[in-house]
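Inside the fold
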Amino acid sequence: MKHFTLEEIAVACGGKYVGDEHLKHTAITSVERDSRMIKKGSLFLAIKGERVDGHNYIEKCYDMGAVCAICEKEIKNASKPYILVNSTLEAVKAVGKAYRNKFDIPIIGVSGSVGKTSTKEMLYSVLSQKYKTHKTQGNLNNELGVPLTLLSMPEDAQAAVIEMGISDFGEMTRLSDMVQPTICVLTVIGDCHLENLGDRNGVLKAKTEMFASARSNAEYILNGDDDKLYTITQVKGKKPIFFGFAADNDYHAEDIENNGEGGISCTICFESTRLSVTIPAIGNYMVSNALAAVAVGKLLGLSNDQLIKGVENYKTVGSRANVINTNNLKIIDDCYNANPTSVKASIDTLCNFTGRKVAVLGDMKELGIDEKKLHFDTGEYARLKGIDLIIAVGPLAKELAKGANGIWYKDIESAESALTSLLHKGDVVLVKASHSMEFEKITAFLKQM
């Protein structure tokens, strides 16, 4: 990482440096919250969690090579320096912001109700054709994950793609204050986190908090097919760049052909340019993600050949529209998370496959007072799309089953006991629910059938 001393860190977070004054100028090599990841020169974040208190591991981290710890408690007879703060979480956010300010590179902030991660991965694939690009790893997109992502930027990073996830008002403001994006990308304003945000207008308000701390010359890349985002005509006096399927977007697609596992072929159109690409993924929504990435890539000076290669080198990550072929079934493992918007998109993807189509769908969390109706409507959508069999699992999914005229089970165990008789050889099976439903267990069960 870039040169970042203990003195700079203490100043950044307003903490009290305790230890040998001569060591203030020591530069750290990494920032770690997990004692098992400590290496020589690390800064350890002592965080008190629900099950584990990081303060109990400080001396162990010193022994493993850590040069300092940020902590909320005084350490008696500490063998190495520490920085005393009121809140380690608040401190790491301030430290992350200070480290971000050492970089004068394009930093793309990505958010939206659906497609954050797949768009982030597409952006990474495209920008990596020209720049050494840093990206968010795993699910590190919250108020702890974002500063850790920033603090893991290597000193030679030439661009960064930072995923930003929220569930309440104010969170995006705090994330954006750290990231200070030079390009803001918003994918979709959907029905998610309504428990806190109320409705889609609330989601729009919360997501667009990203703009407040964007750099003064920032660009704004928005989904023009989204009825909420399309209403944004100016941000800080600048017209957004719109992408989407509709031909009036600045970046749109034509000749879209979904070939199932063979990917999606289309022509990406902008200005007077037409790029023929094949996206190695399932789901037409991936075309929209590719359009966003091409728009960013074009802003950052990539050639047409680099744009094409970047789109075609995209790789799916985790349990996100991942196709698994077994001897008996084709499984669409999309169980990482779910809300009505993303479930409907996954149902559309399922429709692109040949064979008997089965959807195993579970509870969608944090939908607020309309949660029952939203589950019912999602089930109805699946029925109207002609899904052959809809299996709903979980208390809230009972309403989904009603809308779908499907079969309902109260829990995963009950559903698994019936799946063997319900499914046929050759079925295409979509598995999707909110992450807390642990539907990866269903995917694992199906893989053994």
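To keep things clear, this report deals only with the structure shown in the data block. Small disclaimer: the values here were computed from a predicted structure and weren't measured. (Residues numbered from 1 in each chain as written. Predicted model: local features only at pLDDT ≥ 70, side-chain atom pairs only at ≥ 80, totals over all residues. Heavy atoms only, no water.)

The space that makes up the second largest pocket amounts to roughly 810 Å³. What lines the second largest pocket is a set of 31 residues, and nearest its centre among them are Glu32, Arg33, Asp34, Ser35 and Leu148. Among the secondary structure elements, those contributing two or more residues to the lining of the second largest pocket are strand 2 (30-32), strand 3 (42-45), strand 7 (133-135) and helix 5 (145-151). Taken together, the residues that form the lining of the second largest pocket break down as 13 nonpolar, nine polar and nine charged. (1 Å grid on protein atoms, 1.4 Å probe; cavity = no way out; pocket = protein on both sides within 12 Å on 5 of 7 lines; lining within 4 Å. Points joined across faces, edges and corners; volume = space filled by probe spheres on them. Helix = DSSP H or I, 4+ residues; strand = E, 2+ residues; numbered from the N terminus. Nonpolar A, V, L, I, M, F, W, Y, C, P; charged D, E, K, R; others polar.)

The six strands are arranged 15-16-20-17-18-19 in an open sheet whose pairing can be described as mixed. Looking along the sheet, the strands with just one partner apiece sit at the ends: strand 15 (322-325) and strand 19 (407-409). Within this sheet the neighbouring strands show an average axis-to-axis angle of 20 degrees, counted without direction. For strand 16 (residues 330-333) and strand 20 (residues 428-432), the ladder comprises four bridges, and the chain directions are parallel. Across the sheet, Ile331 pairs through a bridge with Val429, a residue of strand 20. (Pairing = 2+ DSSP bridges. Axes fitted to C-alpha atoms, helices over the stretch in contact; angles between N-to-C directions.)

Turning our eyes to something else, we now look at the sheet that holds strand 2. Read across the sheet, five strands follow the order 1-5-4-3-2 without closing on themselves; strand pairing throughout is mixed. Each edge of the sheet is formed by a strand with only one pairing partner; in this case those strands are strand 1 (16-18) and strand 2. Put simply, the sheet's adjacent strands are angled 25 degrees from each other on average, direction ignored. Pairing of strand 2 with strand 3 involves three bridges; the strand directions are parallel. Each residue of the ladder has a partner; that of Glu32, found in strand 3, is Phe44. Along the sheet face, helix 3 (residues 88-100) touches strand 3 and strand 4 (68-71) and points at about 120 degrees away from the line of strand 4. (Contact = heavy atoms within 4.5 Å.)

Next up on the list: helix 10 (residues 304-312). Every buried residue belonging to helix 10 is among Leu307, Gly310 and Val311, and all of these are buried. The arc that holds the buried residues of helix 10, viewed along the axis, is 95 degrees, so those residues lie on one side. Looking at the buried positions of helix 10, the neighbouring elements they touch are helix 4 (116-127), strand 13 (264-270), strand 14 (273-279) and helix 9 (285-299). (Buried < 20%, exposed > 50% of the residue type's maximum accessible area, 1.4 Å probe, protein only. Arc of directions from axis to C-beta.)

Topologically, Ser118 is positioned in helix 4. As a C-alpha pair, Ser118 and Asp177 span 59 residues in sequence and 24 Å in three-dimensional space. Setting aside its immediate chain neighbours within four residues, Ser118 contacts Met286, Asn289 and Tyr314.

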